[in-house]
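Commentary on secondary and tertiary structure
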Amino acid sequence: MPTLTDIAVIRELCARHGFTLSKGFGQNFIVNPGICPKIAEAAGIGPGWGVLEIGPGIGVLTKELALRADKVVAVEVDARLPALLKETLAGFSHVEIVLQDVLKADLRALIAEKFSGLRVAVCANLPYYITSPILMRLLEEKLPVEQITVMVQKEAAQRITAAPGTRGAGAISYAVAYYAAPRLLFTVQPGSFYPPPKVTSAVIQLAVRPAAAVDTPDEAEYFRLVRAAFGQRRKTAANSISAGLGLAKGRVSAALAAAGLPPAARPEQLTLQDFCALQRALRGEMV
Ligand code: SAM
């Protein structure tokens, strides 16, 4: 099997397959030989595990996953890559490439069909332009996935893993913390990729919770409230919620008081539990 972290090997492989890297698909391949084994080890997979990879590229991480898991299914959107992957992953009969857009694929059906009897993890060097939609899909659909270990842009990693109620938290931090316990594992410099991206990267891990972190009376309504609170950055939660949900400012202030929360609270100062209390105080008034 060729050394997929060797740039000369990558160039030769791509030239032979008439493949040129696509910026549009976020194609920055890992070439630091230490990174993929480190990600695969961190993913905590082994016998008894099936791994869903998103965006295998030329298969450098796929190979490390295949060395550890019972089965790897890699969803790739670029129709030019399966032929190339057939060559780089030859000999790994328990790896399957599925040519699909991960945002459109029926992941529940895919997992049920491919990973029957296995514990399921997601592991990937994600295409950064769709980091949030991918993570939200994986979490919101409540797929039978135990662990998500992915490389993302460092700023996204910090935002995603920021604890609700602390500086740096955004709407995505709340959504992620609701469904999972997130951790930032390590950062990766641009020089570890080919071509090097302009940004620093980080690997994060989301341990999916068996049950949501808080008990909300209505999940969709809860997240409408959280999104509204973060809708206008620098404003107080009350102002943003009032504007975002079309509620009178006085009504929102009264609800904050009823929930025992400061009237001028910024959204990032509120915890998941605080938003639940606020939602209860506003119940029946949100559309
Ligand atoms: N895993 C490889 C590595 O680490 O070297 C490639 C990672 S590269 C950052 C992102 C990969 O995601 C590319 O292979 C790209 O073609 C693929 N990709 C981009 N958009 C996708 C989508 N919507 N669905 C599935 N794969 C996608």
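Residues numbered from 1 in each chain as written. Predicted model: local features only at pLDDT ≥ 70, side-chain atom pairs only at ≥ 80, totals over all residues. Heavy atoms only, no water.

Glancing now at the overall build of the chain. Secondary structure summary: the chain contains twelve helices and nine strands in total. By the compact-globule yardstick of 19 Å for 287 residues, the chain fits well, its C-alpha radius of gyration being 21 Å. Along the first, second and third principal axes, the C-alpha atoms of the chain reach 65 × 40 × 30 Å. Of all 287 residues assigned to the chain, the portion counted as buried reaches 50%. The long-range share in the chain, meaning contacts at least 24 apart out of those at least 6 apart in sequence, stands at 70%. Element-wise, carbon and sulfur atoms account for 53% of the exposed surface of the chain, whose accessible area totals about 12400 Å². Charge separation in the chain, taken as the distance between the mean sites of 31 positive and 24 negative side-chain charges, equals 7 Å. (Helix = DSSP H or I, 4+ residues; strand = E, 2+ residues; numbered from the N terminus. Rg over C-alpha atoms; globule rule 2.2 N^0.38 Å. Buried < 20%, exposed > 50% of the residue type's maximum accessible area, 1.4 Å probe, protein only. Contact = heavy atoms within 4.5 Å. Areas by Shrake-Rupley, 256 points an atom, 1.4 Å probe, with all protein chains shown as cover. Lys, Arg positive; Asp, Glu negative; His and termini not counted. Charge placed at Lys NZ, Arg CZ, Asp CG, Glu CD.)

Let's shift gears to the domain arrangement of the chain. Each assigned domain of the chain is listed here: domain 1 (7-208) and domain 2 (219-283). Averaged C-alpha coordinates put domain 1 and domain 2 at centres separated by 34 Å. Taken residue by residue, the interface counts 13 residues in domain 1 and 13 residues in domain 2. Taking both partners together, domain 1 and domain 2 bury about 1000 Å²; carbon and sulfur atoms supply 63% of that area. Together, Ala171, Tyr174 and Tyr178 form the three largest contributors to the area buried by domain 1 at its contact with domain 2, with a combined 50%. Inspection of the region where domain 1 meets domain 2 yields one salt bridge. Salt-bridge contacts for lysine 142 lead to glutamate 219; the nearest nitrogen and oxygen are separated by 2.8 Å. Counting the contacts that link domain 1 with domain 2 gives nine residue pairs in polar contact (both at pLDDT 80 or more). Per-element accounting of the side of domain 1 that touches domain 2 gives the leading share, six residues, to helix 8 (residues 171-179). In terms of residue class, the side of domain 1 that touches domain 2 is built from eight nonpolar, three polar and two charged. (Domains from an automatic or database assignment. Buried area = accessible area lost by both parts, 1.4 Å probe. Salt bridge = Lys/Arg side-chain N within 4 Å of Asp/Glu carboxyl O. Polar contact = N/O pair within 3.5 Å; in protein donor to acceptor, adjacent residues only side chain to side chain. Nonpolar A, V, L, I, M, F, W, Y, C, P; charged D, E, K, R; others polar.)

Below, the discussion takes up the sheet that holds strand 2 (residues 49-54). Consider a sheet: its strands pair through backbone hydrogen bonds, and that pairing is either parallel or antiparallel. Read from one edge of the open sheet, seven strands run 4-3-2-5-6-9-7, paired in mixed fashion. Where the open sheet ends on each side, the last strands, each with one partner, are strand 4 (95-99) and strand 7 (180-188). Each neighbouring strand pair of the sheet contributes to a mean axis angle of 20°, computed without reference to strand direction. Sheet topology note: the strand 2/strand 3 (residues 71-76) ladder contains five bridges and is parallel. Bridging from a neighbouring strand, glycine 50 pairs with lysine 71 of strand 3. Running over the sheet, helix 8 touches strand 7 and strand 9 (201-208) and is turned about 120° from strand 7. (Pairing = 2+ DSSP bridges. Axes fitted to C-alpha atoms, helices over the stretch in contact; angles between N-to-C directions.)

For the rest of this paragraph, the subject is the packing of helix 6 (residues 131-140) against helix 8. In the contact formed by helix 6 and helix 8, the axes pass within 10 Å of each other and the chain directions differ by 30°. Here helix 6 is positioned roughly parallel relative to helix 8, judged by the angle of their axes. Like other packed secondary-structure pairs, helix 6 and helix 8 cross with a definite hand, here left-handed. Contacts between helix 6 and helix 8 pair Ser132, Met136, Leu139 and Glu140 from the former with Ile172, Ala175, Val176 and Tyr179 from the latter. Looking at side-chain class alone, the contact of helix 6 with helix 8 contains six nonpolar, one polar and one charged residues. (Parallel < 35°, antiparallel > 145°, perpendicular 65-115°, else oblique. Left-handed = near helix turned anticlockwise from the far one by under 90°.)

Our next topic: the environment of isoleucine 172. In this structure, isoleucine 172 sits in helix 8. Sequence separation between isoleucine 172 and valine 226 is 54 residues, and the spatial gap between their C-alpha atoms is 9.3 Å.

Before going further, it helps to examine the pairing of strand 4. Pairing of strand 3 with strand 4 involves five bridges; the strand directions are parallel. If you follow alanine 74 over to strand 4, its bridge partner there is isoleucine 97.

Here the focus is the nonpolar core. Grouped together as the largest cluster of nonpolar side chains are 66 residues, with contacts concentrated most on Leu135, Leu138, Ile148, Leu206, Tyr222, Ile241 and Phe275. By residue number, the principal contributor to this core is helix 8, which donates seven residues. Two domains share this core, each providing at least three of its residues, namely domain 1 (7-208) and domain 2 (219-283). Ignoring anything within four residues of it in the chain, the contact list for isoleucine 148 reads Val122, Leu135, Leu138, Leu139, Ile204, Gln205, Leu206 and Val208. Membership of the second largest hydrophobic core comes to 37 residues, among which are Leu13, Val95, Ala121 and Met151. (Core = buried A, V, L, I, M, F, W, Y, C linked by side-chain atoms within 4.5 Å.)

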